[in-house]
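Each chain is listed here by its residues.
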Amino acid sequence: MDILEGVLESLNHSIIITIFVFSMMIIVDYINILTQGKIRNILLKSKGKQYIISSLLGSTPGCLGAFMSVSMYVHGIITFGALTACMIATSGDEAFVMLTLFPEDALILFSILFVVGVISGIIVDKIIRKMKIKVCKECLLQEYHEENIEKMFSKKPRFSVARILMLLIFVSLIILNILDLFGPKGFGVEKILFLSISGFMVFISLFSSDHHLEDHIIKHIARKHIWRVFLWTFGALVFVNVFISLFNLEDFIRSNMNLILILSALVGVIPESGPHMIFVMMYSHGIIPFSVLLTSSIVQDGHGMLPLLSYTIKDSVMMKFINLVIGLLIGLIFYSAGL
């Protein structure tokens, strides 16, 4: 594969992946809005369930679950250990990409992250209580306000430029895919999934309320997330398809896997959704084992840590250190087992 061919292939795959990610982000956003009030009420009534709920929130693709957990933590609803469980379980926006590239392995990974998150959260809280470590005392003083769940659909929406553009994009995608000009070809599960998601997005384009379309989909998902997902995906694919083969780095990576595992954990410390994408792409191409992907996934938390940094740097640094230790420990165990 020459450089130009590799770049063009990377660009094509990046566009397809970004479309999937954009659509799944919107679906998860709807689920998040519909369930957030119930989740918070459950946590307020039963502290014992918060590790499971927090880890479950982290396991959901994207950063919404992590943001919700940070919000509950700074309002004194969940403990530091429960928030740790969420951050361990979350994989940020890369989770959408993993579901697109290797859905079966991704579900196994998310299940492991969920279990590790729950167990780690319980242990962390016990250690904190035993060692009398103070965490985010000022956060408990903040007042909690229940957010009203808005109306997400409208029978007579305003046909803005954004709505029309979004509608045209997904109608065009359906037509092009049916004609086998873009997206998954043939007639298999991937094509059915592509058409189903695109069809749902046409429905969203037609009937989303003006507020939800403008504030949630355009201003938040499109402007803050999607362009980053595309750039990181494209960059990671170029790295895997072009850079690694051009400089013959695959042999070096395979012969220095211990170093790559440690590097994946260190990269995971960065509070950003994107750097982890390199390890996602390398795993999808069979260059690195599951243990390296798992290590990176445990340590990294997408954008989930950013809101916490604005409240308390001390808790953020302590949580990142805990996740780094747990990620390396679990990763080395899986690597030693040949996974």
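In this text the structure is predicted, and so the values were computed from the model without any measurement.

**Quick look at the overall build of the protein**
When its secondary structure is counted, the protein shows 15 helices and zero strands. Looking at the protein as shown, the accessible area adds up to about 16,100 Å², and 71% of this sits on carbon and sulfur atoms.

**A closer look at the side chain of Thr295**
Note that Thr295 resides in helix H13 (residues 290-299). Accessibility expressed as a relative area gives 0% for Thr295, which makes it buried. Polar contacts involving the side chain of Thr295 include one to the main-chain carbonyl oxygen of Ser291, which spans 2.8 Å. The residues contacting Thr295, other than those within four sequence positions of it, are Leu261, Ser264, Ala265, Gly327, Leu328 and Gly331.

**Description of the side chain of Ser55**
Along the chain, the position of Ser55 falls in helix H2 (residues 50-59). For Ser55, a relative accessible area of 0% gives the class buried. One polar contact links the side chain of Ser55 to the main-chain carbonyl oxygen of Phe114, over a distance of 2.9 Å.

**Re the nonpolar core**
Counting 84 residues, the largest nonpolar core has Phe22, Ile26, Met166, Ile217, Ile288 and Leu294 as the members making the most contacts within it. Ranked by the residues each element gives to this core, the list is headed by helix H1 (residues 3-45), at ten residues. Among residues more than four places away in sequence, those in contact with Phe22 are Met166, Phe170, Met201, Ile217, Ile221, Ala222 and Ile226.

**Some thoughts on helix H15 (residues 313-336)**
Between its first and last C-alpha atoms H15 spans 34 Å; for 24 residues at 1.5 Å apiece the expected length is 34 Å, and the two agree. Phi turns positive, to about 85°, at Gly338, one or two residues after H15.

**Concerning the pattern of salt bridges**
Counted under the stated rule, the structure contains two salt bridges. Taking the shortest distance from any N to any O, the salt bridge between Asp210 and Arg163 comes out at 2.8 Å. Here Asp210, found in helix H9 (residues 210-246), pairs with Arg163, found in helix H7 (residues 161-178); they are 47 residues apart in sequence, far enough to count as distant. A salt bridge links Lys320 to Asp301, with the shortest nitrogen-to-oxygen separation between them at 2.9 Å. Of the two residues, Lys320 is situated in helix H15 and Asp301 in the loop between H13 and helix H14 (306-311); the sequence distance between them amounts to 19 residues. Note on accessibility: Lys320 and Asp301 belong to one class, buried.

**Things to note about unusual backbone geometry**
Of note, the phi angle at Asp180 is positive, near 60°, even though the residue is not glycine. Summarising the element assignment, Asp180 is placed in the loop between H7 and helix H8 (189-207).

**Regarding the packing of H2 against helix H4 (residues 80-89)**
Two numbers describe how H2 lies on H4: the axes approach to 7 Å, and their chain directions differ by 25°. The angle between the axes of H2 and H4 places the two elements in the roughly parallel class. Between H2 and H4 lies a crossing of right-handed hand. Of H4, the residues touching H2 (which contributes Gln50, Tyr51, Ser54, Ser55, Gly58 and Ser59) are Gly81, Ala82, Ala85, Cys86 and Ala89. Within the contact of H2 with H4, the residues separate by chemical class into five nonpolar, six polar and no charged.

**Observations regarding the packing of aromatic side chains**
All chains considered together, the criterion is met by five aromatic pairs. Between the aromatic rings of Phe102 and Tyr283, the centroid separation amounts to 5.0 Å while the plane-to-plane angle is 70°, which identifies the pairing as edge-to-face. Separated by 181 residues along the polypeptide, Phe102 in the loop between helix H5 (94-101) and helix H6 (103-131) and Tyr283 in helix H12 (residues 277-284) bring together distant segments of the chain. Each member of the pair Phe102 and Tyr283 is classed as buried. On the basis of an interplanar angle of 35° and a centroid distance of 6.4 Å, the ring pair of Phe200 and Phe203 is categorised as tilted. Separated by three residues within a single helix, Phe200 and Phe203 lie in helix H8, roughly one turn from each other. Among the residues examined, Phe203 registers a relative accessible area of 38% and is labelled partly exposed. One aromatic cluster is present, formed by Phe102, Tyr283, Phe290 and Phe334 through successive ring pairs.

**Things to note about the environment of Met282**
Mapped onto the secondary structure, Met282 falls in helix H12. In the structure, Met282 is positioned 29 residues away from Ile253 in sequence and 10.0 Å away in space, judged by C-alpha atoms.

**Some remarks on the confidence of the model for the protein**
Averaged over every residue, the pLDDT of the protein is 77; the share at 70 or more is 79%. Ranking the helices and strands of the protein by mean pLDDT puts H13 first, with 90, and H14 last, with 68. When the criterion is pLDDT under 50, residues 138-149 qualifies, and its contacts beyond four places in sequence or with other chains add up to 26 contacts.

About the thresholds
Residues numbered from 1 in each chain as written. Predicted model: local features only at pLDDT ≥ 70, side-chain atom pairs only at ≥ 80, totals over all residues. Heavy atoms only, no water. Helix = DSSP H or I, 4+ residues; strand = E, 2+ residues; numbered from the N terminus. Areas by Shrake-Rupley, 256 points an atom, 1.4 Å probe, with all protein chains shown as cover. Buried < 20%, exposed > 50% of the residue type's maximum accessible area, 1.4 Å probe, protein only. Polar contact = N/O pair within 3.5 Å; in protein donor to acceptor, adjacent residues only side chain to side chain. Contact = heavy atoms within 4.5 Å. Core = buried A, V, L, I, M, F, W, Y, C linked by side-chain atoms within 4.5 Å. Expected span 1.5 Å × (residues − 1). Salt bridge = Lys/Arg side-chain N within 4 Å of Asp/Glu carboxyl O. Axes fitted to C-alpha atoms, helices over the stretch in contact; angles between N-to-C directions. Parallel < 35°, antiparallel > 145°, perpendicular 65-115°, else oblique. Left-handed = near helix turned anticlockwise from the far one by under 90°. Nonpolar A, V, L, I, M, F, W, Y, C, P; charged D, E, K, R; others polar. Phe/Tyr/Trp six-rings, centres within 6.5 Å; stacked < 30°, edge-to-face > 60°. pLDDT = per-residue confidence, 0-100.

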